[in-house]
Amino acid sequence: MPARSYLKCISCNADFDVHDKLYTCARCGDLLDVTYEFAYDRDYLKRTFRERRLSNHPLDRSGVWRFRELLAFYDDPKHIVTMSEGNTPIFLAPRSARYAGIHKLQFKHQGLNPTGSFKDNGMTSGVTQARALSARVVACASTGNTSASMAAYAAQAGLLAAVFIPAGQIAFGKLSQSLDYGAKTLQIDGDFDAAMQLVLELSKETDLYLLNSVNPFRLEGQKAIAIELLEQLDWQPPDHILVPGGNLGNSSAIGKGLKECYDLGLIDRLPKLHVIQAAGANPLAIMYNSKLTTLPKIGTAHTLATAIKIANPVSWKKAVRAIEWCQGSCIDVTEQEIADAKAIIGSDGIGCEPASAVTLAGLKRLVEASIVDKDENVVAILTGSLMKDPDYTVNYHMDKLYEKAIYHTETISAQGHIKASFANKPLQVAADKIAIRKLLGL
Ligand SMILES: *Cc1c(COP(=O)(O)O)cnc(C)c1O
């Protein structure tokens, strides 16, 4: 394979073999990148990626491994575990565009992955590396989607999966996946950040193989989101890309993918990359807003967008680097803005989970701040499927969505009502044709 690969520390530049079981730098403890010395011809790559679309080979059918020259860290293709991840569509969204105040907006919907979120892009590469290292047990802390995805890929690979989830804080769609795919599902008494700390320590003390996004091999698969997007756009980059930010692995990965495509000459300019956080889980947005040089402590995270409910994001330094490469920004949006943006995305016929909707809410803000112009080309990444968390959607449309609530058949206790500005309530009607015709104006 015409590329040498190694692990390289993002701050002290120490390098390590890709077969070393490391999550962070053995010298200074900072994050690691999978790094390549590429020697490819640009046109050869473009032609090869395109030709593979006609192939039925399992690696060519994957929206990650179709770009395998750029993920050349594996020695043996037999280690690759793929479920045809990626290959996600780009949808035009006219109502969402109008809501944000621009002419044209496209959503790349990562929720259309095999387990319903972009985590599959990263899990195919992470589990592949787990097999290359002969791991038996893989583990992660998760707000839900990482565990759903890891459970599926571990099952396909025949590995034991152990997931650490904050008790009572993940959406049912996600919990059901991890149970169904046979993972040992540990409900930890604490939040995501506490679960993350535990699994990180255990992975250093035992032979658990850690598959959180601190693992640089996860991000290699996720960078393919950017590569696939650029290929779908015939290598004409958009002006702006927006992505939700939680643990900040995905923004880091997309930034790395864009930068590598630029360095290889596959694109001739970099899009601006904007990371959008929820106001209750916004350390990076605070850092940018207050011009700090390190990530502030925010205490406990609060947001109904549970996929991004993270106070202490592991990959923040890589996200900062990505934003610098791509001259972007990081801002936050409120619970009300997230809920309304989600309903507007829905009105375009596109269902996403709450965390994904921060992108449209953020875009509206960036247009208002004149950071995005109404004539520019914008792509927002929808990270997960509506089906992951249907309760949120139904509660919104029934005007029963609260920032803090315990739901039963009737709401028992609730605070922080989120207004259903764009509600589409179900209609009560008798089982009677005349009544129905009247209601539908037929
Ligand atoms: C994981 C996840 C995010 C956040 O991604 P990070 O890499 O943690 O920043 C956003 N949306 C959904 C649906 C997710 O599953």
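A few points about the overall build of the chain
For the chain, the count of helices and strands is 14 helices and 15 strands. Relative to a compact globule of 442 residues, whose C-alpha radius of gyration would be 22 Å, the chain shows 21 Å and is just as compact. The buried share of the chain, taken over its 442 residues, is 57%. A fraction of 69% describes how many contacts in the chain between residues 6 or more apart in sequence connect residues 24 or more apart. Of note, the chain has its 48 positive side-chain charges centred 3 Å away from the centre of its 47 negative side-chain charges.

Focus on the domain arrangement of the chain
Looking at the assigned domains, one finds that the chain contains domain 1 (1-39) and domain 2 (90-114 + 219-397). A separation of 27 Å is found between the C-alpha centroids of domain 1 and domain 2. On the domain 2 side, the residues contacting the eight residues of domain 1 number 10 residues. When the two sides are added together, the surface that domain 1 and domain 2 hide from each other amounts to roughly 770 Å², 59% of it contributed by carbon and sulfur. In terms of surface lost to domain 2, no three residues of domain 1 exceed L31, D33 and F38, which account for 52% of the buried area on that side. Ionic pairing is found between D33 and R321, a salt bridge with its closest N-O pair at 2.6 Å. Along the contact surface separating domain 1 from domain 2 lie five residue pairs in polar contact (both at pLDDT 80 or more).

Criteria and thresholds
- Here the residue index of a chain counts from 1 through its sequence in written order.
- Since the coordinates come from a predicted model, pLDDT governs what is reported: local features require at least 70, and pairs of side-chain atoms require 80 or more to be given and counted, while whole-chain, interface and lining totals use all residues.
- Side-chain figures throughout are based on the complete set of non-hydrogen atoms in the structure, without hydrogens or water.
- Only DSSP runs of H or I with at least four residues qualify as helices, and only runs of E with at least two residues qualify as strands; both kinds are numbered from the N terminus onward.
- Throughout, the radius of gyration refers to the C-alpha atoms, and the reference size of a globule is 2.2 Å times the residue count to the power 0.38.
- With a 1.4 Å probe rolled over the protein chains alone, any residue whose accessible area is under 20% of its type maximum counts as buried; one over 50% counts as exposed, and the rest are partly exposed.
- Contacts are assigned to residue pairs with any non-hydrogen atoms lying within 4.5 Å of each other.
- Residues scored as charged are limited to Lys and Arg (positive) and Asp and Glu (negative), so that His and the chain ends carry no count.
- By convention, the charge on Lys lies at NZ, on Arg at CZ, on Asp at CG and on Glu at CD.
- Each domain's limits were defined by an automated method or a database of domain assignments.
- Note on terms: buried area is the combined drop in 1.4 Å-probe accessible area of two parts once they are placed together, counting the loss on both.
- Think of a salt bridge as a Lys or Arg side-chain nitrogen and an Asp or Glu carboxyl oxygen that are within 4 Å of each other.
- As used in this structure description, the phrase polar contact means that two N or O atoms lie within 3.5 Å; if the pair is within protein, one of them must be able to donate a hydrogen and the other to accept it, and residues adjacent in sequence are counted only when both atoms belong to side chains.

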